[in-house]
Amino acid sequence: MNASLNPSINKNETAVARVKLLIGGEWVDSQTNEWHDIINPATQEVLAQVPFATESELNAAVAAAEQAFKTWRLTPVGARMRIMLKLQALIREHSKRIAVVLSAEQGKTIADAEGDIFRGLEVVEHACSIGTLQMGEFAENVAGGVDTYTLRQPIGVCAGITPFNFPAMIPLWMFPMAIACGNTFVLKPSEQDPLSTMLLVELAVEAGVPAGVLNVVHGGKQVVDGICTHKEIKAVSFVGSTAVGTHVYNLAGQHGKRVQSMMGAKNHAVVLPDANREQTLNALVGAGFGAAGQRCMATSVVVLVGAAKQWLPDLKALAQKLKVNAGSEAGTDVGPVISKRAKERVLGLIESGIREGAKLELDGRNVSVPGFEDGNFIGPTLFSGVTTEMQIYTQEIFGPVLVVMEVDTLDQAIALVNANPYGNGTGLFTQSGAAARKFQSEIDVGQVGINIPIPVPVPSFSFTGSRGSKLGDLGPYGKQVVQFYTQTKTVTSRWFDDDSVNDGVNTTINLR
Ligand code: NAD
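We now turn to the structure provided with this report.

About the criteria used
- Residues numbered from 1 in each chain as written.
- Predicted model: local features only at pLDDT ≥ 70, side-chain atom pairs only at ≥ 80, totals over all residues.
- Heavy atoms only, no water.
- Pairing = 2+ DSSP bridges.
- Helix = DSSP H or I, 4+ residues; strand = E, 2+ residues; numbered from the N terminus.
- Axes fitted to C-alpha atoms, helices over the stretch in contact; angles between N-to-C directions.
- Contact = heavy atoms within 4.5 Å.
- Parallel < 35°, antiparallel > 145°, perpendicular 65-115°, else oblique.
- Buried < 20%, exposed > 50% of the residue type's maximum accessible area, 1.4 Å probe, protein only.
- Phe/Tyr/Trp six-rings, centres within 6.5 Å; stacked < 30°, edge-to-face > 60°.
- Lys NZ or Arg CZ within 6 Å of the ring centre and 35° of its normal.

**Side note on the sheet that holds strand S15 (residues 381-384)**
- Across the sheet, seven strands lie side by side as S14-S15-S16-S13-S12-S18-S19; this open sheet has mixed pairing. Both outer strands of the open sheet, strand S14 (359-362) and strand S19 (448-450), are each paired with one neighbouring strand and no more. Looking at each pair of strands side by side, their axes are set apart by 25 degrees on average, direction ignored.
- With three bridges joining them, S15 and strand S16 (residues 401-407) adopt parallel strand pairing. Note that in S16 the partner of Phe 383 across the bridge is Val 403.
- The sheet contacts of helix H14 (residues 433-442) involve strand S12 (267-271), strand S18 (426-429) and S19, and relative to S18 the element is tilted by about 165 degrees.

Set out below in structure tokens:
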């Protein structure tokens, strides 16, 4: 990667490039003493270093956003839309270049990196419709000569905190809709892979987002806590692990902010014996092991119902065929996990599964990738005989590990899924419309796929994970996020004709 060509990267470095902050339209070298390496998970090469911003740098970013809000909130909706139109065109144009950087810092395959960018691009495309999305309502003659209407006004400085697993899509869930609504924004990308996020931010600046409307600070807990407690920040969007998301939700909530936290998951795929066998097995393996299982909507539990139990050997055979390699290499199915620490954690969970009595059908622990011996690789791993008490069932593994459970009936499968605390996604595989209708009605999970393994809604809908996977009422993107990023003001008005009759003092609550 030729990082030195980008304004978001420090060009004066002799050794490792350093990522900048974006404050008030300026690319700023952080004055911090704390720098973290951004590491290619397939090679351990240090791609660049990211600063953990100081308190005064966060304050400067928020102050810039506060100042910019004064004019941005009054900018005509058409002007905001046109910036989004330009941004979507630029992302489309630069998608392949950004995908290479994303794959290098995150580990996923180039094709999947392009998918990561594309799913975010769809949100930017949707933001181009903000003119209609942000419209208020109007009711004429709610009383004699009285009209009532609503304004959907921006709320001020908003902030977003993003995870490592989708460094393009998730930042794009947040800042385009927030600023299209007339807010200003402070983004805190994942410290593990901020380079591709910064390339998108560069494109936002190029598209004409004015100085101070979008700001970026990097960091970890200290910066995140600073965001959650800063008195000028009105709303916080968080996507990441359940532990951090709960902390962010509580802390920002205690400081009077609107908060949405999208968190961890355990996504069950329920397979009925009448399902299309080949399509279902392809879907399970793709959704279980794609992106090395590091998707919040990855299939992590397969529930084989009745005679579908006989499909286990085929599932294993298909998983075994997947090619583990660096994301940059052609033909790769499964790349490395993000860090050595993440790999240790996943290996620890695999060992717990063996210890607790699950049957290890496919063991990906000792995979070796020629040419990438230092990579954080784990091969596809499959457990059967899993019970609800085992850690491999109770914990989000976030690696290429699929656990298989067996039940006798659809009712039992529904009860199993509903007893799990998470509610991000689930799927049913069947050719029966009646079974599908029963499942979608009775299942207590916010996003349901019918013969669709990863049912992430397109941006004209909203992301609607539920229960333990989400805190806050309103989800990212779609109509819900327009509500999240605006406040409704309701105006009730009466205009008098010059010749209107004096009808006296009204001491009641009724409109006359
Ligand atoms: P993470 O919680 O470790 O990090 C998320 C963000 O929080 C990062 O920006 C990080 O810098 C910051 N952070 C980390 N530790 C912190 C702390 N102690 N205090 C305050 N901030 C802290 O998550 P991750 O590992 O980057 O991402 C993976 C997780 O995200 C998984 O659990 C996955 O399910 C979840 N996720 C959920 C969704 C969803 O929509 N529900 C989408 C993507 C990822």
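Next comes the rest of the description.
**Remarks on the packing of helix H3 (residues 110-127) against helix H5 (residues 169-180)**
- Following both chains from N to C, one finds H3 and H5 inclined at 10 degrees, their axes separated by 8 Å at the closest point. Judged by the angle between their axes, H3 and H5 are roughly parallel. Residues Asp 116, Ile 117, Arg 119, Gly 120, Leu 121, Val 123, Val 124, His 126 and Ala 127 of H3 form the contact with H5, whose own contacting residues are Met 169, Leu 172, Trp 173, Pro 176, Met 177 and Ala 180.

**Side note on unusual backbone geometry**
- You will see that Asn 451, though not glycine, has its phi angle at about 55 degrees, which is positive.
- Unlike most non-glycine residues, Tyr 477 shows phi in positive territory, near 45 degrees.
- Within the fold, Tyr 477 resides in the loop between strand S21 (470-471) and helix H15 (478-484).
- Classification of Tyr 477 by relative accessible area gives buried; the value is 2%.

**Things to note about the packing of aromatic side chains**
- Per the stated rule, a full pass over the model turns up six aromatic pairs.
- Between the aromatic rings of Phe 463 and Tyr 477, the centroid separation amounts to 6.4 Å while the plane-to-plane angle is 65 degrees, which identifies the pairing as edge-to-face. One end of the pair, Phe 463, is in the loop between S19 and strand S20 (466-467); the other, Tyr 477, is in the loop between S21 and H15, with 14 residues separating them in the sequence. Assigned by exposure class, Phe 463 and Tyr 477 land together as buried.
- Through a chain of ring-to-ring contacts, three or more aromatic side chains come together here, namely Trp 173, Phe 463 and Tyr 477.
- The ring of Trp 35 has Arg 18 sitting right over it, with the charged end atom 3.9 Å from the ring centre.

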